[in-house]
Amino acid sequence: MSEAPSYELLRSKRKTLALEITADCRVLVRAPLRLSQKRIDQFVADHAGWVETHLARQQARRDRHPEPTEEERADCIRRARDYLPGRVEQYAGLMGLRPAGISITGARKRFGSCSAKNRICFSWRLMQYPEAAIDYVVVHELAHIRHKDHSPAFYDCIARILPDWRERRALLRE
């Protein structure tokens, strides 16, 4: 039996075991209320390689994109408010679309979103990435006004405006 990495255990009324690596590099195990500790430890030990790989990835991500200081955060918010509305207006005109509104948020897991009522939100964290990546997110969210899914037609809509969208999207994953 291999050694299980240390972890934080969260029990709930769920039926399955799950592993999660958090943004702050903690290992969470979600487990059913009545599952034995031995079974949980074995599950974690069996997935020790996965945990090690994903912890390393998450740490590398944190190293590339450390949490900004208050001053840096304020600067990103200011730049987002200055830059994003103009980019939305430019691309919306090219695409023949009109968003219902634009908001800047502090979302950590999504760079942008488009509501059912066509309101677009962007995370100020997006401003930590190159302009090519930012413009991809703008076009991506605008495309959701026409296509509320990630269908081939949705990506065709993006490709008409940004033929290199895959390379731009890859910048967000670095």
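Quick note: structure is the one above.
As a convention, each chain's residues are numbered from 1 in the sequence order in which they are written. Two thresholds apply to this predicted model, a pLDDT of at least 70 for residue-level local features and 80 or more for giving and counting side-chain atom pairs, whereas whole-chain, interface and lining totals are computed over all residues. As a convention, hydrogens and water are excluded, and side-chain values are obtained from all of the structure's heavy atoms.

## Things to note about the pattern of salt bridges
Reasoning step 1: When a carboxyl oxygen of Asp or Glu is within 4 Å of a side-chain nitrogen of Lys or Arg, the pair counts as a salt bridge. Tallied over the full model, the rule gives 11 salt bridges.
Reasoning step 2: A cluster of three or more residues bridged by salt bridges with shared partners is formed by Asp75, Arg78, Arg79 and Asp82.

## Observations regarding the pairing of strand 2 (residues 18-21)
Remember that side chains alternate between the two faces of the sheet whenever the strand is regular.
Reasoning step 1: We call a residue buried when its accessible area falls under 20% of the maximum for its residue type, exposed when it is over 50%, and partly exposed in between, using a 1.4 Å probe and counting protein chains only. Only runs of H or I of at least four residues qualify as helices and only runs of E of at least two qualify as strands under DSSP, and these elements are numbered from the N terminus. Side-chain alternation along strand 2 places Leu19 and Ile21 on a buried face and Ala18 and Glu20 on a face that remains uncovered.
Reasoning step 2: Note on pairing: DSSP must find at least two bridges between two strands before they are called paired. In this structure, strand 2 lies alongside strand 3 (residues 27-32), joined through four bridges in antiparallel fashion. Bridge pairing in strand 3 places alanine 18 opposite arginine 30.
Reasoning step 3: Counting the residues between successive antiparallel strands, the hairpin from strand 2 to strand 3 contains five residues, one of them, cysteine 25, with a positive phi of roughly 65°.

## Structural notes on the sheet that holds strand 3
Reasoning step 1: Within the open sheet, the three strands sit side by side as 1-3-2. Their pairing is mixed. Edge positions in the sheet fall to strand 1 (8-12) and strand 2, since each of these pairs with one other strand and no more. Averaged over all pairs of adjacent strands, the angle between their axes in this sheet comes to 25°, without regard to strand direction.
Reasoning step 2: As paired strands, strand 1 and strand 3 are joined by five bridges and run parallel to one another. The residue of strand 3 that forms the bridge with serine 12 is proline 32.
Reasoning step 3: Against the sheet, helix 1 (residues 37-46) contacts strand 1, strand 2 and strand 3, and its axis sits at roughly 125° relative to strand 1.
Reasoning step 4: When checking whether two residues touch, look at their non-hydrogen atoms; a contact exists if any pair is within 4.5 Å. For helices, the axis comes from a line fit to the C-alpha atoms of the stretch in contact; other axes are also lines fit to C-alpha atoms, and the angle between any two N-to-C directions lies between 0 and 180 degrees. Here helix 2 (residues 48-64) sits on the sheet and contacts strand 2 and strand 3; the angle it forms with strand 2, its principal contact strand, is near 25°.

## Looking at the packing of helix 3 (residues 70-95) against helix 4 (residues 131-146)
Reasoning step 1: Orientation of helix 3 relative to helix 4, taken along the N-to-C sense of each, is 50°, at an axis distance of 10 Å. Of the possible angle classes, the one that applies to helix 3 and helix 4 is oblique. Crossing of helix 3 over helix 4 shows right-handed handedness. Along the contact surface, helix 3 presents Tyr83, Leu84, Arg87, Val88, Tyr91, Ala92 and Met95, while helix 4 presents Glu131, Ile134, Asp135, Val138, Val139, Leu142, Ala143 and Arg146.
Reasoning step 2: All residues other than Ala, Val, Leu, Ile, Met, Phe, Trp, Tyr, Cys, Pro, Asp, Glu, Lys and Arg, Gly among them, are scored as polar; the first ten of these are nonpolar and the last four charged. Each residue belonging to the contact of helix 3 with helix 4 can be placed in one class, and the counts come to 11 nonpolar, no polar and four charged. Oblique is the label for every angle not falling under 35 degrees (roughly parallel), over 145 degrees (roughly antiparallel), or within 65 to 115 degrees (roughly perpendicular). Left-handed describes a crossing in which the near helix is turned anticlockwise from the far one by less than a right angle; the clockwise case is right-handed.

## Description of the nonpolar core
Reasoning step 1: Counting residues in each nonpolar core, the largest one holds 33 residues, and the members touching the most others are Leu84, Met95, Phe122, Tyr136, Leu142 and Ile158.
Reasoning step 2: For this core, the secondary-structure elements that each account for two or more residues are helix 3, strand 6 (119-123), helix 4, helix 5 (152-161) and helix 6 (165-172).
Reasoning step 3: Residues contacting leucine 142, with those up to four places away along its chain left out, are Val88, Tyr91, Ala92, Met95, Leu97, Pro99 and Ile120. Take the buried residues of types Ala, Val, Leu, Ile, Met, Phe, Trp, Tyr and Cys, join any two whose side-chain atoms come within 4.5 Å, and each joined set is a nonpolar core.

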